[in-house]
Amino acid sequence: MIPKGSGYVNKEKLNSALSLDHLNLQWPALSITQSSFKEICSINASLDKQLDLNERFKEEYGISLPAPGKMVNHSTGSVFWVSPSQWFVTSNECNPYFDQLLTKKFNDVSTVTLQTDAWISIKIEGPASLDVLERLIKIDLSERNFPSGSATRTGCSHMTIFIQKPHQEDCFIILGARSYTKSLVHTITQATENILGKKE
Amino acid sequence: MTQKNRIDGGLIDRNIPLNFTFDGKKYSGFHGDTLASALLANGINLVGRSFKYHRPRGIFTSDSSEPNALVELINEDTKEPNSRSTTIQLFDGLTAQSQNCWPSLKYDIQSINDCFAPLLTAGFYYKTFMWPKSFWERVYEPLIRRAAGLGELAPSTDPDHYDRGYRHCDLLIIGGGAAGLMAGLVAGREGLNTILVEEDFLFGGRLLGENEEIDGLQCHDWVANTVKELEAMPHVRLMPKTAVFGVFDQKTYFAIERLSDQINSVGPRQMIWEINTKHIILASGATERHIAFGNNDRPGVMLASAMRDYTNRFAVRTASRVAVFTSNDSGWLTARDLNQKGIEVAAIIDIRKKEEHQEIAKKNTQIPIYSEDQIIKVHGHNRVKAISLLNGAKISVDSIAVSGGWNPSIHLTCQHRQRPIWNEVISGFIANEAELPSGMKVAGAAKGIYATNLVLQDAMNQANAVLSELGHAPTKMMIPSANDDTYRGKTFWSVRETKQRAWVDFQNDVTTKDIRLAVQEGFYSVEHVKRYTTLGMATDQGKTSSVIGIGIIAETMNKSIEETGTTIFRAPYIPVAIGALSGPHSGKNFRPTRETPSHPFAVEQKAQFVESGAWLRSQYFPHANELHWQESVNREVLATRNNVGITDVSTLGKIDVQGTDAAAFLDKVYCNTITTLNMNRCRYGIMLREDGIVMDDGTVAHLAKNHFIVTTTTANAVQVYRHMEFCRQCLWPEMDVALISITEQWAQYAIAGPKSRHLLEKIIDNDHDISNSNFPYMACDEISICNGIRARLFRLSFSGEMAYELAVPARYSDALIRHIHEIGKTFDLTPYGTEALGVMRIEKGHAAGNELNGQTTAGDLGLGKMVSKKKDSIGSILSEREGLVDPMRHILVGVMPCDPQQKISSGSHIFASKSACTPSNDLGYITSVAYSPMSNSYIGLAMIKNGTNHIGGKLRAVNLLQNQDIDIEVTSPHFYDPKGERLRE
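Residues numbered from 1 in each chain as written. Chains lettered and ligands numbered in written order. Predicted model: local features only at pLDDT ≥ 70, side-chain atom pairs only at ≥ 80, totals over all residues.

A. Spotlight on the overall build of chain B. Each helix and strand in chain B was counted, giving 22 helices and 50 strands. The dimensions of chain B, computed from C-alpha atoms along their principal axes, are 115 × 70 × 55 Å. Residues classed as buried in chain B amount to 55% of the 985 residues present. Taking the intrachain contacts of chain B between residues at least 6 apart in sequence as the baseline, contacts between residues at least 24 apart amount to 66%. (Helix = DSSP H or I, 4+ residues; strand = E, 2+ residues; numbered from the N terminus. Buried ≥ 20, exposed ≤ 12 C-beta atoms within 10 Å, placed from the backbone. Contact = placed C-beta atoms within 7 Å.)

Here it is as structure tokens:
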């Protein structure tokens, strides 16, 4: 039966596999790798409960829910704004019942939905990252317009993505839909090859 | 061949020689040359043939306004036609050939057209090819199409690839000449985030070809210093070889960057940039125009400013003996510069009176001057040999530098439908500054300001205005000292006394006579004359010719230019390759595709895939012994109906709906009632549009308290989610409801067939009872499988068999399908694709995309009772409109051919026996057709007027496109298990 709360023990017969395992493309000025977080849930403030949720979130994670276009880190992951009254909370620990864990904590002020399997996350890092991304993404990702701690939903070659700028120099994280994995990786790789040449 | 016409000086790098080939012959040039300058350096003046008359043509300009010197760039078996030799930066190994000529450029057989010129005047197509009518498509049009055009497309695929990007700035400066550089300096020094684009591969604009000083430096040295300073500014981005070609909404500008002129280049060849900016300074300069006179298209006739460019910038002697024909001071500058370089200027012919040009004449004292005179005829065929003047003199020359004034380059100011205004002082159109595109300012020559010091002053003023609007103080920079010669010229379009044809639009072979004839024939609007004569409609878009054409129209109609009017410009400013517009992706990657969770497994099973929107879905799984896809589909259907089949239904939209008002919200969105749906139960639901037409259908599963999962069709997943978000955020923001798509989160497999339960019992964990009594049709629950893997089970059936849909987090999807496949061997499990899925749903009479076609109501589909009268929901009131409840509406029915061997077609129209196939007799149409292995016949669903009353009767299915006229029987849409007993077993 479904394990209660977060008491998840891996004794499954089936292996889990994301569509983006082992992504590791390297150029001298850029690396494209899989990003590190393991679980994502959406958390939606119930009607008129946004302030309550924020207070509870602060109690639980020590941080406020971020404003539109922003992300913040907590001790085991991060949280970023997605849409009005909605955030994505990430965890660096693997737990397919992460949604139930959050539901238990915030049930009376929010609704929670597991999103981990819907997304792939790609880290683009290196001095050429902006040059590559300006070929893919319409928004201005320069430091003055998209400083560290920014996160927003946008498009990349007709695919919906989230893009984040973590507190790390020349580093961006793209979250794309799982079903688009091949197309998204292809798009990013091609843009990179157009600038830096074919992968070594 | 040596570069016999190369002279000292210029901005070329003689340390980097480059070899190239033109029309099979090898030549050399230098780094810094264009193909045109290198050809001229090698003594090549004849470069192309004209469009209609195949007249010999030479190099006329030194920039993108070039109408004549178009060539084909070649690389092995590929080529690019209509490349302007005046903008192609010379590279080693460049291969080009002339176009629109056969057997050779010098001896072109089609130049015979020139002999028939009197027959080929403006509009000759419309006058000539009128009879007999049947000849138009079969004879005339093919002939004209074969004769038309300049270059030829390569038959092979474009070997190059292209790129696309997005840039952002505070200030976009278009044009890197004196004004652009000055504005860039002001903005850059004040720290504005600035982009400066220049079409040429060097910044400097006209300054590169001029012989004047700025701040005590030769102007090209001032340019070099300025560019160096701008390059050192981190917030200034210089983009050479980039032309802004389109102005779009919200200050978005599209530019094309020529990364390489080489075909089959290593990286992307060209790139489109979408530039978003707050402010724009248009510093695009001006284009010199010519004068129409007899045989003014002969090779050797060149714009005066272009001749200065080739002399001063490219160090090329364009002629041995030149005549200058001008209406303004520009021609005199050319005479001065050529003279200084030792090139003989045989005459300056100025249309103005002596006193009108005496100021500039003081600087050209050694040259014979013909005031108030005009060239009436050019002698020579493949090259200018002499000229005849109005005064009767004949002068031997091999080149003519011509200047009829300047046209400010205001194309980008007009792309939002703004109309330019005529300025008599400069004899040119300028932008109407009150109607510029948002955020745009015009500076320098683009505004009709030609003296360099005034250009620099104006650019500084415009940049200061931008600074002010962005909250900066004006710059404290000093304006560099520069030439202050004001523009002096006289409006002059053509030499009326000439008896030869005088050319206005070189590329489209439009003469002064064509334009005058068009006016005589009643074409008074500039737009009409343009289209009738093709003036300004070639690849150069009339940059040198349009204004002259307007002038001649005005003269002919005896009206002013203002009264005559003008055409305006649309994007693109210069030709843009389709490949560049299509962007970096081609072939299979032209658009992104979505793969289902079972895709790798399906590939291994040798599935054939079908595109369903962006999704790639398994269409069918052929076996080695099956010769036709129908065999595979029949097998899959029968296997599912008799044993068990599995298919991936993850593509259906899935939306998680939570909140204390979730059920009430769904009651408003669906036309049937959801609030009465018990926990752990599913219900089929229909959404209507506001007008009462069916928008989509799907299921609603009540998974837990205040928690529902709704499904949508694959095609409408995004639309439905967007619609529900609109309802939540805008219509009923007071409801406590949260929505999020879980389409990608949960992989979902439909397991259908009489053995489906037995198979599932092998997978799900022991503590779940899925017996019919405990888990009946339309039940749902959260369960676990395979030792604790979370899953959701829905007892739904699209096939009409006992069936389940099993959902797991997508991370387990691949392992699960393989696991089921392995276990399923005991039960003869068969994977099936969308074809078998479609057959089974037609056999069951389920409406799908073909029936939810934006015209059908719930009642039309036999689902009218689902529209609840007990509550309000979107579309329920309007679904009761008189027209939507008319009994004569098209109603969903089934159809079968009377002869089971006959194949009916989707899209066929329905007619009664013996009635004529006319729209008035049309009874409806077939929406879906499949071969049913259960019925051993083709079956179909159809929308037929008053369809229910036709059930049991016979009609005809007519498909005129396929010459089909088949007798059909009208049936209930439920061909298989009409009572629905199998799915409830």
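B. Fine view of the packing of helix 6 (residues 304-313) of chain B against helix 7 (residues 329-340) of chain B. All names here are of chain B. Where helix 6 meets helix 7, the closest approach of the two axes is 8 Å, and the angle between their N-to-C directions is 25°. Judged by the inter-axis angle, helix 6 sits roughly parallel to helix 7. The way helix 6 lies across helix 7 gives a crossing that is left-handed. Every residue of helix 7 that contacts helix 6 at Ala304, Ser305, Met307, Arg308, Thr311 and Asn312 is listed here: Ser330, Gly331, Leu333, Thr334, Asp337 and Leu338. Of the residues contributing to the contact of helix 6 with helix 7, the split by class is four nonpolar, six polar and two charged. (Axes fitted to C-alpha atoms, helices over the stretch in contact; angles between N-to-C directions. Parallel < 35°, antiparallel > 145°, perpendicular 65-115°, else oblique. Left-handed = near helix turned anticlockwise from the far one by under 90°. Nonpolar A, V, L, I, M, F, W, Y, C, P; charged D, E, K, R; others polar.)

C. The arrangement of the interface of chain B and chain A in detail. If you look at the interface, chain B gives 42 residues, while chain A gives 41 residues. Put simply, the parts of the chain that give the side of chain B that touches chain A at least two residues each are strand 8 (162-174), strand 31 (594-595), strand 35 (653-658), strand 39 (738-741), strand 41 (780-785), strand 42 (789-794) and helix 20 (813-824) of chain B. Per-element tally for the side of chain B that touches chain A: the top contributor is strand 8 of chain B, with six residues. The class makeup of the residues in the side of chain B that touches chain A is 14 nonpolar, 13 polar and 15 charged.

D. Structural context of the sheet that holds strand 31 of chain B. Residues and elements named next belong to chain B. Pairing in this open sheet of three strands is mixed, and the strands run 31-33-32 from one edge to the other. Sheet topology places strand 31 and strand 32 (608-612) at the edges, where each strand pairs with a single neighbour. Where strand 31 meets strand 33 (residues 615-620), two bridges bridge the pair, whose relative direction is parallel. Each bridged residue has a counterpart across the sheet, and for Glu595 the counterpart in strand 33 is Leu616. (Pairing = 2+ DSSP bridges.)

E. Spatial organisation of the sheet that holds strand 24 (residues 399-403) of chain B. Residues and elements named next belong to chain B. The five strands are arranged 17-24-18-19-20 in an open sheet whose pairing can be described as parallel. Either end of the sheet is taken by a strand with one partner, and the two such strands are strand 17 (301-303) and strand 20 (369-371). Averaged over all adjacent pairs, the angle separating strand axes in this sheet is 20°, with direction ignored. Bridge count for strand 18 (residues 321-326) against strand 24 is five bridges, and the pairing is parallel. Note that in strand 24 the partner of Phe325 across the bridge is Val402. Against the sheet, helix 7 engages strand 18, strand 19 (344-350) and strand 24, with an angle of about 165° to strand 18.

F. Examining the nonpolar core more closely. Ala183, Val322 and Ile400 of chain B are the most contacted members of the largest nonpolar core, which has 169 residues in total. In contact with Ala183 of chain B, not counting residues within four places along its chain, are Ile173, Ile281, Ala283, Ala443, Ala459, Gln462 and Ala463 of chain B. Grouped together as the second largest cluster of nonpolar side chains are 159 residues, Phe146 of chain A together with Ala607, Leu652 and Tyr804 of chain B included. (Core = buried A, V, L, I, M, F, W, Y, C linked by C-beta atoms within 7 Å.)

G. The arrangement of the pairing of strand 14 (residues 252-258) of chain B in detail. Residue and element names in this part refer to chain B. The element strand 14 is extensively covered by neighbouring structure, given that five of its seven residues are classed as buried. Pairing analysis gives six bridges linking strand 13 (residues 242-248) to strand 14, with the strands arranged antiparallel. Looking at strand 14, one finds that Gly246 is bridged to Phe254. Hairpin connection between strand 13 and strand 14: a loop of three residues separates the two successive antiparallel strands, and Gln250 in this loop has a positive phi of roughly 55°.

H. Representation of unusual backbone geometry. Residue and element names in this part refer to chain B. Cis geometry is adopted by the peptide bond preceding Pro103, which originates at Trp102 and carries an omega value of 5°. Among the structural elements, Pro103 can be located in the loop between strand 7 (94-98) and helix 2 (124-128). A cis geometry characterises the amide bond from Ala571 onward to Pro572, with omega recorded as 0°. Here Pro572 lies in the loop between helix 13 (561-564) and helix 14 (578-582). In the Ramachandran plot, His54 falls in the positive-phi region, its phi being about 55° despite a non-glycine side chain. Mapped onto the fold, His54 is located in the loop between strand 3 (48-49) and strand 4 (56-57). Overall, the presence of 21 C-beta atoms within 10 Å leaves His54 in the buried class. Even without being a glycine, Asp509 presents a positive backbone phi close to 55°.

I. Highlighting helix 16 (residues 629-642) of chain B. All names here are of chain B. With 14 residues, helix 16 extends 20 Å from end C-alpha to end C-alpha; this agrees with the ideal 20 Å at 1.5 Å per step. Listed as buried for helix 16 are Ser632, Val633, Asn634, Glu636, Val637, Thr640 and Arg641. Tucked inside the fold, the buried residues of helix 16 contact strand 33, strand 34 (644-648), strand 40 (746-752), strand 44 (829-831) and helix 21 (834-844). (Expected span 1.5 Å × (residues − 1).)

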